[in-house]
Amino acid sequence: MSTLKLNGIGHAYLGRTVLDAVDLAIEPGELVALVGPSGCGKSTLAHIAVGIVDPLRGRVTRDYTRHGMVFQEPRLMPWATAADNIAYPLRLAGVSRAERRERVLVAADKVALDRDDLGKFPVELSGGMRQRTAIARALVVEPDFVFFDEPFTALDQALKRRMQDLVIAAATAQAFAALFITHDLIEAVRIAHRIAVLDLHGRGIAGQRRLPGTPGLREDRVVFETVQQFLNDDPLFCHINDVDERNVA
Ligand SMILES: Nc1ncnc2c1ncn2[C@@H]1O[C@H](COP(=O)(O)OP(=O)(O)OP(=O)(O)O)[C@@H](O)[C@H]1O
């Protein structure tokens, strides 16, 4: 039984089709990376999957209990401390103040956010700390599904890697499934069980590849060789290579 199922999803903006007949199913505990060239409709698909946008065609079936979301920009409330930002979904859910405090500390630990940082406002935090706060806010509800929409694109390589490790560790510990949208094929191969490639024109999933081994346990050499093989020998990825040279790094 899939925890998220997209059937025949189609969408258009102002009469221009961006997605057509997209089918994708994600199993419980499975991390699926969705890649595709810029502008092919990845974010639109994520917004449809999470329920922010209603698709013009098709059906989304969600069989998870709670989801979290992490976007490219942390989208924190500037007037609230990191702790209050993380606690926000719990406040909405009517969780008591004492329990909120406890759960915020647990979530902050998962993303290695210092106690000192919890009292700071977003403007006082570094980019990495802001994104950690956003991830903690997604994890604090103890989700069994998390949507990631290019969460680390704006971060430098070293930080990106730390954040990927943190997501893999949290996914393993909490056993959540995820749809992880990224431009970065190296990131996709590090993080996911399976990669789905969205067609160049957003017309469906062009193909999928199951990745060898387990996220978090793949050696760098294996990640690098898998990416090279995709880019050099697998026609599914030729558009990714053409369009986004960052992947070749
Ligand atoms: N609200 C909107 N109104 C009109 N057009 C939109 C809207 N949102 C997205 N689009 C267009 O739809 C297409 C798909 O956009 P989307 O953001 O889903 O793609 P993407 O694959 O996530 O791109 P990127 O990788 O560059 O973020 C693009 O051509 C974009 O300009």
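Coordinates for the structure precede this section.
Residues numbered from 1 in each chain as written. Predicted model: local features only at pLDDT ≥ 70, side-chain atom pairs only at ≥ 80, totals over all residues.

## Re the overall build of the chain
As a reminder of what qualifies: By definition, any uninterrupted DSSP run of H or I lasting at least four residues is a helix, any uninterrupted run of E lasting at least two residues is a strand, and each is numbered from the N terminus. Computation of the radius of gyration draws on C-alpha atoms, with the globule rule given as 2.2 Å multiplied by the number of residues to the power 0.38. Any residue with 12 or fewer other C-beta atoms within 10 Å of its own C-beta is exposed, any with 20 or more is buried, and the rest are partly exposed; the C-beta atoms used are placed from the backbone. Think of it this way: build a C-beta for each residue from its backbone, and any pair within 7 Å is a contact.
For the chain, the helix and strand inventory stands at nine helices and nine strands. Scaling as 2.2 N^0.38, a compact globule of 249 residues should have a C-alpha radius of gyration of about 18 Å, and the chain matches this with 18 Å. Looking at the chain residue by residue over its 249 residues, the buried ones come to 41%. In the chain, 72% of the contacts between residues at least 6 apart in sequence involve partners at least 24 apart.

## Some remarks on the site of the ligand
Quick note on the threshold: Working rule for contacts: place C-beta from the backbone, and if it is within 6 Å of a molecule or strand, that residue counts as near it. Classification used: nonpolar for Ala, Val, Leu, Ile, Met, Phe, Trp, Tyr, Cys and Pro, charged for Asp, Glu, Lys and Arg, polar for all others including Gly.
With respect to spatial proximity, the complete set of residues near the ligand consists of Tyr13, Leu14, Val18, Gly36, Ser38, Gly39, Cys40, Gly41, Lys42, Ser43 and Thr44. Looking at the shell around the ligand element by element, the count peaks at three residues for helix α1 (residues 42–50). Of the residues contributing to the shell around the ligand, the split by class is four nonpolar, six polar and one charged.

## Concerning the sheet that holds strand β7 (residues 177–181)
Applicable threshold: The pairing criterion for strands is at least two bridges between them, as found by DSSP. The axes used here are C-alpha line fits, helices contributing only the stretch in contact, and every angle between their N-to-C directions lies in the interval 0 to 180 degrees.
Strands sit in the order β5-β6-β7-β3-β8-β9 across an open sheet of six strands; the sheet is mixed. Each having just a single partner strand, β5 (67–70) and β9 (205–210) make up the two edges of the open sheet. For this sheet, the mean angle separating the axes of adjacent strands, direction not counted, is 15°. Two elements, strand β6 (residues 145–149) and β7, share five bridges in a ladder whose sense is parallel. Of the residues in β7, the one forming a bridge with Phe145 is Ala177.

## Notes on the pairing of strand β3 (residues 31–35)
Counting buried positions over the five residues of β3 gives five, a clear majority of the element. The alternating pattern of β3 places Leu31, Ala33 and Val35 on one face and Val32 and Leu34 on the opposite face, and all of these are buried. Alignment of β3 against β7, held across four bridges, turns out to be parallel. Following the sheet pairing, Leu31 is matched in β7 by Ala178.

## Digging into the environment of Phe176
Within the fold, Phe176 resides in the loop between α6 (157–174) and β7. A C-alpha to C-alpha distance of 11 Å links Phe176 and Ile26, two positions 150 residues apart in sequence.

## A word on the sheet that holds strand β2 (residues 16–26)
Reading across the sheet, the three strands line up as β2-β1-β4 and stay open at both edges, with antiparallel pairing between neighbours. The sheet is open, and its two edges are formed by β2 and β4 (57–62), each paired on a single side. Ignoring which end each strand starts from, the neighbouring axes of this sheet average 20° apart. Helix-sheet contacts for α1 involve β1 (4–13), β2 and β4, and the interaxial angle to β1 is about 125°.

## Some words on unusual backbone geometry
Positive phi is not limited to glycine here, since Ala21 has a value of about 55°. As for its placement among the helices and strands, Ala21 is situated in strand β2.

## Examining the nonpolar core
Which entries qualify depends on this criterion: What we call a nonpolar core is a set of buried Ala, Val, Leu, Ile, Met, Phe, Trp, Tyr and Cys residues whose membership is set by joining through C-beta atoms within 7 Å.
With 68 residues, the main nonpolar core has Ala178, Leu179 and Phe180 as its most contacted residues. Beyond its immediate stretch of four places on either side in the chain, Ala178 contacts Leu31, Phe145, Val146, Phe148 and Ala171.

## What to know about the pairing of β1
Direction of pairing for β1 relative to β2: antiparallel, over a ladder of seven bridges. Pairing of Lys5 across the sheet is with Ala25, part of β2. Connecting β1 to the next strand, β2, in antiparallel fashion are two residues, including Leu14 with a positive phi near 50°. Pairing geometry for β1 and β4, over five bridges, is antiparallel. Across the sheet, residue Gly10 finds its bridge partner in β4, namely Arg57.

## Details of helix α2 (residues 82–92)
Those residues of α2 not exposed but buried are Ala82, Ala83, Asn85, Ile86, Ala87 and Leu90. In the segment just after α2, Gly94 is the residue with positive phi, at about 80°.

## So, the packing of α2 against helix α3 (residues 97–110)
Put simply, the rule reads: Here roughly perpendicular refers to angles of 65 to 115 degrees, roughly parallel to angles under 35, roughly antiparallel to angles over 145, and oblique to all remaining angles. For a crossing to be left-handed, the near helix must be turned anticlockwise from the far one by less than a right angle; the clockwise case is right-handed.
Interaxial distance between α2 and α3 falls to 9 Å at its minimum, and their mutual angle equals 120°. The orientation of α2 with respect to α3, classified from their angle, is oblique. Crossing hand, α2 versus α3: right-handed. Facing α2, whose interface residues are Ala83, Ile86, Ala87, Leu90 and Arg91, α3 presents Arg100, Arg103, Val104, Ala107 and Ala108. Of the residues contributing to the contact of α2 with α3, the split by class is seven nonpolar, no polar and three charged.

Everything listed here is a matter of coordinates, which is why it stays silent on function.
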